[in-house]
Amino acid sequence: MPLADEPALVRQAKSGDSESFGTLYDAYLERIYRFVYFRVEDQQTAEDITSQVFLKAWENLGRFQIGGTPFLAWLYTIAHNAVIDHYRTRKVTAALEDVKLSDPGHAETVENGIDSAVEMHSIKAALQTLTDDQRQVLLLKFIDEMSNEEIARQLGKREGAIRALQMRGLKALSKRLAEKIPI
Amino acid sequence: MNEFDLILEECVDLIASGETTLEECFVLYPEYAAQMEPILYTAVALQEEGQEVTPPPFLRERIRGQLNHVMQKKPEKKSRSPVFFLAHSSKYVRAVLCPADDQHGDGTESPARQVPL
């Protein structure tokens, strides 16, 4: 859900008001971090790329047009491109065995215990076995909380295609997770 | 698309938006409950596990520091405040560095107080 006074905050941030940008940053840090976290191989990389996203957003605020794309959607685009640049630079392929467990110091392990970290690892690993389109749709829907319409717009596809990818992705993910359950 | 897929899609969308629960879907469509169960559980797991992921507390302040540095380097993009997020950062710094004064109840200093800024 965007901030109620987002257009005013963005306008002020574009004119150089760091406090306004700060409000936007505080509101969206968690969602951008989550977006990146599920698309990279480890927590450190997620932190670095999240940092890059907000630095780039500040640097390129002049290019953002108020009244067009929502500010969060624009941040997602910057994050998406940053993730792509990361893989292009590192030539890292998202293989099942490359997905690492979260850092033990990470909040999710501290708060929810090892079981949750293991489950997260399984989910992240299983997501890597999907096609790129299926993975993108599931992440945008269930992690980034977008509607099918928003996902369609973000990916440049028809809504019907998004629904089909969602179903195929969920079925494949479900099957993959079931295969990992020990008997 | 067959009936099962339509019902499954409906349940997935309602669960994703928080308008219904897994159990309510099973009650609504008992004839498909067994078939839907693994897929809906996956959707719920993805959603719940995903929402558990939050940035570590230090990351918020680290990025603030980086942004502050960048803003101070660009005088043509003047900030009203010379220190980035001064009003916002103080409460987060306090939360990280200064939790309850006597967390252990034994007069010892909380470990968080020893973390350098």
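Not measured: the values here are computed from a predicted model. (Residues numbered from 1 in each chain as written. Chains lettered and ligands numbered in written order. Predicted model: local features only at pLDDT ≥ 70, side-chain atom pairs only at ≥ 80, totals over all residues. Heavy atoms only, no water.)

1. What to know about the overall build of chain A
- The number of helices and strands found in chain A is 8 helices and 0 strands.
- Within chain A, the proportion of its 183 residues that are buried is 51%.
- Residue pairs in contact within chain A that sit at least 24 positions apart in sequence constitute 63% of those at least 6 positions apart.
- A total of about 8600 Å² of accessible surface is found on chain A, and carbon and sulfur atoms cover 52% of it. (Helix = DSSP H or I, 4+ residues; strand = E, 2+ residues; numbered from the N terminus. Buried < 20%, exposed > 50% of the residue type's maximum accessible area, 1.4 Å probe, protein only. Contact = heavy atoms within 4.5 Å. Areas by Shrake-Rupley, 256 points an atom, 1.4 Å probe, with all protein chains shown as cover.)

2. Re the pattern of salt bridges
All names here are of chain A.
- What the rule picks out here adds up to 16 salt bridges over all chains.
- Note that R39 and D144 form a salt bridge whose closest N and O atoms lie 3.2 Å from each other. Separated by 105 residues along the polypeptide, R39 in the loop between helix 2 (18–37) and helix 3 (43–59) and D144 in the loop between helix 6 (132–143) and helix 7 (148–155) bring together distant segments of the chain.
- In this structure, R135 and D132 form a salt bridge, with 2.5 Å as the shortest nitrogen-oxygen distance. Here D132 and R135 lie together in helix 6, a separation of 3 residues that amounts to about one turn.
- According to the relative accessible area criterion, R135 is buried, its value standing at 14%. (Salt bridge = Lys/Arg side-chain N within 4 Å of Asp/Glu carboxyl O.)

3. Focus on helix 4 (residues 57–73) of chain B
- Between its terminal C-alpha atoms helix 4 of chain B stretches 26 Å, which fits the 24 Å expected from 17 residues at 1.5 Å a residue.
- Residues of helix 4 of chain B that are buried: B:L59, B:R60, B:E61, B:I63, B:R64, B:L67, B:N68, B:V70 and B:M71. (Expected span 1.5 Å × (residues − 1).)

4. Some details on the interface of chain A and chain B
- Taken together, the contact between chain A and chain B spans 50 residues of the former and 43 residues of the latter.
- Across the contact surface, chain A and chain B share 7 salt bridges.
- Along the contact surface separating chain A from chain B lie 15 residue pairs in polar contact (both at pLDDT 80 or more).
- Mapped by element, the contributors of at least two residues to the side of chain A that touches chain B are helix 2, helix 3, helix 5 (107–127), helix 6 and helix 8 (159–179) of chain A.
- Per-element accounting of the side of chain A that touches chain B gives the leading share, 12 residues, to helix 2 of chain A. (Polar contact = N/O pair within 3.5 Å; in protein donor to acceptor, adjacent residues only side chain to side chain.)

5. Let's talk about the environment of A:R163
- Structurally, A:R163 is set in helix 8.
- Counting along the chain gives 12 residues from A:R163 to A:I151, while the straight-line C-alpha distance between them is 9.9 Å.
- Once residues lying within four places of it in the same chain are set aside, the contact partners of A:R163 are A:N148, B:E9 and B:D13.

6. So, the nonpolar core
- Judged by nonpolar contacts, the single largest core of 79 residues is most densely connected at A:F21, A:F71, B:M36 and B:L40.
- Contacts of B:L40, omitting those with residues within four sequence positions, involve B:L8, B:C11, B:V12, B:I15, B:L22, B:C25 and B:F26. (Core = buried A, V, L, I, M, F, W, Y, C linked by side-chain atoms within 4.5 Å.)

7. A few points about the packing of aromatic side chains
Residues and elements named next belong to chain A.
- Throughout the structure, instances matching the rule amount to 11 aromatic pairs over all chains.
- Here the aromatic rings of F21 and W58 are separated by 5.2 Å at their centres, their planes lie at 65°, and the arrangement is edge-to-face. On the criterion of sequence distance, the pair formed by F21 in helix 2 and W58 in helix 3 is long-range, its members being 37 residues apart.
- A relative accessible area of 2% means that W58 is categorised as buried.
- With a centroid separation of 5.4 Å and 90° between ring planes, the pair formed by F64 and F71 is classed as edge-to-face.
- We classify F64 as buried; its relative accessible area is 6%. (Phe/Tyr/Trp six-rings, centres within 6.5 Å; stacked < 30°, edge-to-face > 60°.)

8. Some details on unusual backbone geometry
- The phi angle at A:E145 is positive, at roughly 55°, despite the residue not being glycine.
- Among the secondary structure elements, A:E145 is positioned in the loop between helix 6 and helix 7.

9. A short note on helix 3 (residues 33–52) of chain B
All names here are of chain B.
- Here helix 3 contains 20 residues, and its C-alpha end-to-end distance of 27 Å stays within 8% of the 28 Å for a straight helix at 1.5 Å per residue.
- For helix 3, the principal kink sits at I39 and spans about 30°.
- All buried positions along helix 3 are accounted for by A33, M36, I39, L40, T42, A43, V44, A45, L46, Q47, E49 and G50. (Bend = angle between axes of the 7 residues up to and from the residue.)

10. Details of the confidence of the model for chain A
Residues and elements named next belong to chain A.
- The pLDDT averaged across chain A works out to 84; a share of 81% of its residues lies at or above 70.
- Helix 5 is the least confidently modelled element of chain A, averaging 66 in pLDDT, while helix 3 averages 96, the highest of any element.
- Note that residues 95–112 has pLDDT below 50 and, in this model, 40 contacts with residues that lie over four places away or in other chains. (pLDDT = per-residue confidence, 0-100.)

11. Remarks on the side chain of B:E61
- For B:E61, the location among the structural elements is in helix 4.
- Side-chain polar atoms of B:E61 contact the side chain of B:R64, separated by 3.0 Å.

12. Focus: the packing of helix 6 of chain A against helix 7 of chain A
Residues and elements named next belong to chain A.
- Their axes nearest at 10 Å, the elements helix 6 and helix 7 cross at an angle of 135°. The angle between helix 6 and helix 7 falls in the class oblique. Crossing geometry of helix 6 relative to helix 7 is assigned as right-handed. Mapping the contact onto sequence places Q136, V137, L140 and K141 in helix 6 and N148, I151, Q154 and L155 in helix 7.
- Residue composition of the contact of helix 6 with helix 7, by class: 4 nonpolar, 3 polar and 1 charged. (Axes fitted to C-alpha atoms, helices over the stretch in contact; angles between N-to-C directions. Parallel < 35°, antiparallel > 145°, perpendicular 65-115°, else oblique. Left-handed = near helix turned anticlockwise from the far one by under 90°. Nonpolar A, V, L, I, M, F, W, Y, C, P; charged D, E, K, R; others polar.)

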